[in-house]
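Results of the structural survey
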Amino acid sequence: MHTSSVICCSSNSLSPHAIFVKESRPFSLLPLKQIDSGANFTFSSKLPSTSSHIRPLSRFNRIITHSTAIHELVETTSSAPPFVQTGYIYGVHGLQGEVRVKPSTDFPELRFSKPGIRWLKQQVSGTDTIHEIELVEGRGNPGQSWIVRFKDINTVEQARKLVGSAILVRDEDRPVLEEGEFYTHDLIGMTVILKESGEPVGTVVNIFNSGASDLLQVKLNSLRKIPDQIGNSEIGAGDSGPLVWIPFVEAIVPSVDLEKGEMIITPPKGLLELNVRSDERSKKERREIEWKERKKFQRRLIAAKKKLQEMKQEHVFHGFRYGEKDQGTLLANQIVTVNSKLLQKALQNIQIPSTRSKLLQYLSAVPRSNTVKVCDSPSSSGNGMLSEPYRKLQRKGCALTSNGKVAIVLVLEEIEDATETTIANSAGSENIHLLSKALLDDHLRFVKTEDRSIVPLLLVSPTGSVNSLQELFLDHDYFAFDPQKVWFLEEEKLPVVSSSVEEHSKHKILMKSPWEFLQKPVGSGGVISLLSSQDSLVDELSELGVEYIEVCKINQEHENSLALVGLVDSCQANVGVHFFKEIALEEDIDVILSMSFLRMLVKQVNNLQFEAVVGCNSYVDNVEKEWVDVIPTAPNSLEFRSSIYCCLNATPANKICVLYPTV
């Protein structure tokens, strides 16, 4: 019987210090067009992914670029040939020695289905070793994993010894890229030169994917002179200069010379001043701050783990025993960011009838004096005439909006119109941006251009779309909104749980991978939770003079919004609802909340009501210390949803007003 010696053949053993990097997974990006020199630039500091195979964006065309959700890992000496990591073995499949692989490459078909020599990186007695092994065959598996078989690995016992290994290929075996495409580690270390003066300004130290484009992280040269608003000021004194972000787009990086190790940039005025440290703290002081941040994160992690333990969800910690440092960090972030209080409330609501089923009952109790009937599209009504009472409400709503008394919360949802997950996410993001642009450019259906500078705007977008949405607004001068009054928020999500009761009589959190929770958006009710978790945001809105908050969706008509605001103000109501024909399905939402009522809801966020929706979701599970993919053939899980309409049960009926459509 063969043992693990199959992969430890000394004649093929390579230096444990061989260089290796990781290939990447695909993301869809929007183009960043040429920016006027007077534009204000803002880049999110939250940059979760590192690009491995990238291509500068053209001025106008949308392209696909390749990125990875984990940082590149480059190991020492140049004397050994470099390797590229393509995947990670996280479990055993079946009884014939097959293993389960989590890909980290843009080319899974090439890497896992084509037979040939590969290398495995394993830890032996605390030391990394790299050994040759032959891949016999592989096939894709639902859940974005692969099933792979290696030569002479024929039993479960042999396969188990491979779990925890990284699969590598030689750097020289990388696919040849098209003209204008680059691998990340070919760009890192390149000298960055200003085209205008020929002056070297810094060195590329990393590349990140921001969701809209790849960003070069450039360390500026020490003692470099950068003009400020008064004159020239000297920054970056010391042994290293500050770090700045430069969009990797053709308009800003027109030339990349790999042979010379140089790239030419033509940055708009003010770009290099972004993200430069304004203080003069020493390296020791900065390290102390970083240490304090790490300790703070550790305390948050301990507290979050304790809450999950109290909920009998200890199984989510199993991933810490597998994978590398990056995967452990990913799992730690998942644990820290999950809203355990909201999850606990949702679990308690599983047997409680949904608020949405009571919606019509709530609205039927509203006094007739608080209701107005109106055509869904008043500007397109048969005779083009509007009633005087309706016009009066419109004028009142217009006056309140023009005076900055109304803030708008715009809820954007992912639009899945493809079966492949990555394609669906890409298409969904593109559709969101098209809908956003269409709505915000339509002055008749949204806030008038002349009023936008005074209207606060909060955009709630799907996970992963925040940065690209920021770029969209930056690219279009914020559509005339004041950048200081625009907030970009990521939608509230909760883990999906098993529909059947597991051990300890608990519904079990399902895992997307050993290091990721399977999570779904909670719906419009999550806006209340978001506002409660954003420190001082409600206070900021109050300081701006906001009296009403409108919560609406992107995929609906907004012609009645002004009248609804006017109606709420006239009735001195807490809540105003625009009644849609499909309102019970929550496909359309247009709700006005008074600031005083919103403050009460935010303080009582634990009273949010949830509905458990049965779904069919694939997940991974740790069975007898092995990770296995679970592909259901019937509904197996519960997804938690909360509607903004649940706020109706927190106010008397005479404090609710409604706009009804005419039949």
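Quick caveat, the model's predicted, so the values are computed rather than measured.

1. What about the state of the cysteines?
One pass over the full model with this rule turns up zero disulfides. Distance from the sulfur of C657, which forms no disulfide, to the nearest cysteine sulfur (C571) is 4.9 Å.

2. Considerations on helix α11 (residues 526-533)
Where burial is concerned, most of α11 is hidden: six out of the eight residues are buried. Along α11, the residues classified as buried are G526, V527, I528, S529, L530 and L531.

3. What about the side chain of S498?
With respect to the element layout, S498 can be found in strand β25 (residues 497-501). By relative accessible area, S498 is classed as buried at 4%. In terms of polar contacts, S498 uses its side chain to reach the backbone carbonyl oxygen of S500, at 3.0 Å. When sequence neighbours within four positions are dropped, the list of residues in contact with S498 reads H507, K508, L510, N636, S637 and L638.

4. Section: the nonpolar core
Within soluble globular proteins, side chains that are nonpolar tend to cluster in buried spots. Counting 70 residues, the largest nonpolar core has F517, I549 and L593 as its most contacted members. At five residues, helix α14 (residues 595-603) tops the list of elements feeding residues into this core. Those residues in contact with I549, other than ones at most four positions away along the chain, are A407, V409, L541, V591, I592, L593, M595 and L598. In this structure, V218, L220, M263 and L271 belong to the second largest nonpolar core, which totals 21 residues.

5. Description of the packing of aromatic side chains
Taken as a whole and assessed by the stated rule, the structure comprises ten aromatic pairs. Judged by centre distance (6.1 Å) and plane angle (70 degrees), the rings of F182 and F248 are edge-to-face. Remark: F248 occurs in the loop between β17 (243-247) and β18 (255-257) and F182 occurs in strand β11 (residues 182-183); sequence separation between them is 66 residues. According to the relative accessible area criterion, F182 is buried, its value standing at 11%. Taking relative accessible area as the criterion, F248 reaches 0% and is therefore assigned buried. Ring pairing ties together the aromatic residues F473, Y478, F479 and F488, which thus form one cluster. The cationic tip of K305 hangs over the ring face of F317; the distance from NZ or CZ to the ring centre is 5.2 Å.

6. Details of the sheet that holds strand β30 (residues 548-553)
An order of β20-β37-β31-β32-β30-β21-β22-β23 is seen for the eight strands of this open sheet, with the pairing classed as mixed. Where the open sheet ends on each side, the last strands, each with one partner, are β20 (371-374) and β23 (486-490). The average angle at which neighbouring strand axes cross in this sheet is 15 degrees, direction not considered. Here five bridges tie β30 to strand β32 (residues 590-594), and the two strands are oriented antiparallel to one another. By the bridge assignment for β32, E550 is matched with I592. Its contacts with the sheet put helix α10 (residues 466-475) on β22 (457-461) and β23, and the angle it makes with β23 is roughly 160 degrees.

Calculation notes
Every chain's residues receive numbers from 1 upward, in the order its sequence appears when written. Since the coordinates come from a predicted model, pLDDT governs what is reported: local features require at least 70, and pairs of side-chain atoms require 80 or more to be given and counted, while whole-chain, interface and lining totals use all residues. Side-chain measures were taken over the full set of non-hydrogen atoms in the model, leaving aside hydrogen atoms and water. Criterion for a disulfide: a pair of cysteine sulfur atoms within 2.5 Å. Summary of the burial criterion: residues with accessible area below 20% of their type's maximum are buried, those above 50% are exposed, and those between are partly exposed, where the area comes from a 1.4 Å probe applied to protein chains only. The numbering of helices and of strands both runs from the N terminus, where a helix is a DSSP run of H or I of at least 4 residues and a strand a run of E of at least 2. Polar contacts here mean pairs of N or O atoms no more than 3.5 Å apart (in protein, one a potential hydrogen donor and the other a potential acceptor; neighbouring residues in sequence count only if both atoms are side-chain atoms). Here, two residues are considered to be in contact whenever any of their heavy atoms come within 4.5 Å of each other. The set of buried Ala, Val, Leu, Ile, Met, Phe, Trp, Tyr and Cys residues whose side-chain atoms join them within 4.5 Å is what this entry labels a nonpolar core. We call Phe, Tyr and Trp rings a pair once their centres come within 6.5 Å, taking the six-membered ring for Trp, and we label the pair stacked below 30 degrees between planes, edge-to-face above 60, and tilted otherwise. Lysine NZ or arginine CZ positioned within 6 Å of the ring centre and within 35 degrees of the ring normal marks a charge as sitting over the ring. Two strands are said to pair when DSSP picks up at least two bridges between them. Helix axes are fitted to C-alpha atoms over the stretch in contact, other axes to C-alpha atoms as well, and angles between N-to-C directions run from 0 to 180 degrees.

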